Amino acid sequence: MVNNRAAKITVDLAALQHNFQQVKNYAPDSRVMVVIKANAYGHGMLQVAKSLELADGFAVAQLSEAITLRNNGFDKPISVFQGFASDEQLQLMVQYDLRPAISQSWQIDLLEAHKQRSSIDVWLKINTGMGRLGISPDEVDSCYQRLQNINYINQTGLMMHFANADEPVHSTNQSQIDQFLKLSGLYKAQTSVSNSAAIVSHLLPQQDWVRPGIMLYGASPLLNKTAADLQLKPVMSLQAELIAINDYKKGQAVGYGDSWICPEDMPVGIVNIGYGDGYPRHANAAPVAVNGQRCQLIGRVSMDSIAIDLRGIQTVCGDLVECWGKQISVDEVAACAGTISYELLCHTGGFQL
Ligand SMILES: *Cc1c(COP(=O)(O)O)cnc(C)c1O
């Protein structure tokens, strides 16, 4: 099939491996399950899984992602954050030797009712304050005991997720940790707590498994630090082509809604990428790089093009424009669009890989 999409995505697997090594440096005492849900945040789940040979395990959101990994020969532990919703799905969890997270007591009903000989491991997910998936702290003991009594369950680990780890000093981080340690201290269970933000801020140094996602892909998990501050390298580069250079006069409008009016005679470049390719429509004055020179978006993002300010820029039609990558950090573009790098990476990367 001819791939005629304008946007060109490249994935730097050496940078990915460097970032994995950073996870090991930040969390030397824990095993690492690399989070590769949402097509590895747009980077291509299978190629990411393959290049992270040193990972101790993988984590995905859904059963279907885990089955794809198994069918492609990956035999390390795979945790499935959303667990299962029916006996049929539970059957597949067991068949493919997957490790579901349990966050509702009816999932334990399904486990108890299931007739099974081969064993599995599970995570019991506790809601210590995230308020998304997880059983409430006062139900932990009864759920844990029920899981212990199911003869085909090997290990029941305990996990939780932070709500505000992107701000390491936020008061809820410590209260979540206290809540978790109070409960996990009662059992001899494996533990898993930290996402990227918690890993780089050492919120809980002692735990069995950490769960890095965004830091592997070289974006910053913290609000007040850049990826470079944290020695992370960008993995995805998104480029498109400069397809027109227009010499506009002072007062001419650019794009939908006339939101940019040329303040003087100036060259305006048109680049063939837009929100149809996953470039964020709400990006306002976002930076791009043309031949190593930084310049800025002007006007609104269209479905398949953006306009850029070429004043003082040396370029010709056909040159590649970096929307994010080595020169322009995805975090910076996300900030210009009022969102987070996660969303940008997932949206663009989903198309081509
Ligand atoms: C997505 C996810 C992670 C990874 O989070 P990052 O912020 O990308 O490091 C970890 N744990 C759970 C439960 C998740 O859903």
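It should be noted that the structure appears before, not after, this text.
Let me begin by describing the structure that accompanies this report. (Residues numbered from 1 in each chain as written. Predicted model: local features only at pLDDT ≥ 70, side-chain atom pairs only at ≥ 80, totals over all residues. Heavy atoms only, no water.)

Things to note about helix α8 (residues 171-184)
(1) Moving on: Helix length check: α8, at 14 residues, gives a terminal C-alpha distance of 20 Å against a target of 20 Å (1.5 Å per residue), a fit within 8%.
(2) Moving on: Residues of α8 that are buried include every one of Asn-173, Gln-176, Ile-177, Phe-180, Leu-183 and Ser-184, and no others. Here the buried residues of α8 occupy an arc of 135° about the axis, which is enough to place them on one side. Facing away from the buried side of α8, by more than 90 degrees, are the exposed residues Ser-171 and Lys-182.
(3) Moving on: Those residues of α8 hidden inside the fold are in contact with α7 (140-148), β7 (153-159) and β8 (191-192). (Helix = DSSP H or I, 4+ residues; strand = E, 2+ residues; numbered from the N terminus. Expected span 1.5 Å × (residues − 1). Buried < 20%, exposed > 50% of the residue type's maximum accessible area, 1.4 Å probe, protein only. Arc of directions from axis to C-beta. Contact = heavy atoms within 4.5 Å.)

Here's the deal with unusual backbone geometry
(1) Moving on: A positive phi angle is found at His-202, which is not glycine, with a value near 50°.
(2) Moving on: For His-202, the location among the structural elements is in the loop between α9 (196-200) and β9 (209-210).
(3) Moving on: Backbone geometry places Asn-291, a non-glycine residue, at a positive phi of 50°.
(4) Moving on: Take Asn-291: it is sitting in the loop between β14 (287-290) and β15 (293-298).

So, the environment of Thr-10
(1) Moving on: Take Thr-10: it is sitting in strand β1 (residues 8-11).
(2) Moving on: Judged by relative accessible area, which is 34%, Thr-10 ranks as partly exposed.
(3) Moving on: As for Thr-10 and Gln-239, which are separated by 229 residues in sequence, their C-alpha atoms are 8.3 Å apart.
(4) Moving on: Thr-10 has contacts with Val-235, Met-236 and Ser-237, leaving out every residue within four places of it along the chain.

Comments concerning the side chain of Thr-128
(1) Moving on: Here Thr-128 lies in the loop between β6 (120-125) and α7.
(2) Moving on: Polar side-chain contacts of Thr-128 include one of 2.9 Å to the side chain of Gln-176.
(3) Moving on: Discounting residues that sit within four places of it in the chain, Thr-128 has contacts with Met-160, His-161, Gln-176, Gln-179 and Phe-180. (Polar contact = N/O pair within 3.5 Å; in protein donor to acceptor, adjacent residues only side chain to side chain.)

Brief notes about the site of the ligand
(1) Moving on: Inspection of the region around the ligand gives 14 residues, with Lys-37, Tyr-41, Ser-196, Ile-214 and Tyr-342 positioned closest.
(2) Moving on: Here a nitrogen atom of the ligand sits 2.9 Å away from a polar atom, N or O, in the side chain of Arg-211.
(3) Moving on: Here Ile-214 contributes a backbone N or O atom positioned 2.8 Å from an oxygen atom of the ligand.
(4) Moving on: If the ligand stood free it would expose 390 Å²; the protein chains cover 93% of that surface.
(5) Moving on: Per-class residue counts for the shell around the ligand are six nonpolar, four polar and four charged. (Near = heavy atom within 4 Å. Areas by Shrake-Rupley, 256 points an atom, 1.4 Å probe, with all protein chains shown as cover. Nonpolar A, V, L, I, M, F, W, Y, C, P; charged D, E, K, R; others polar.)

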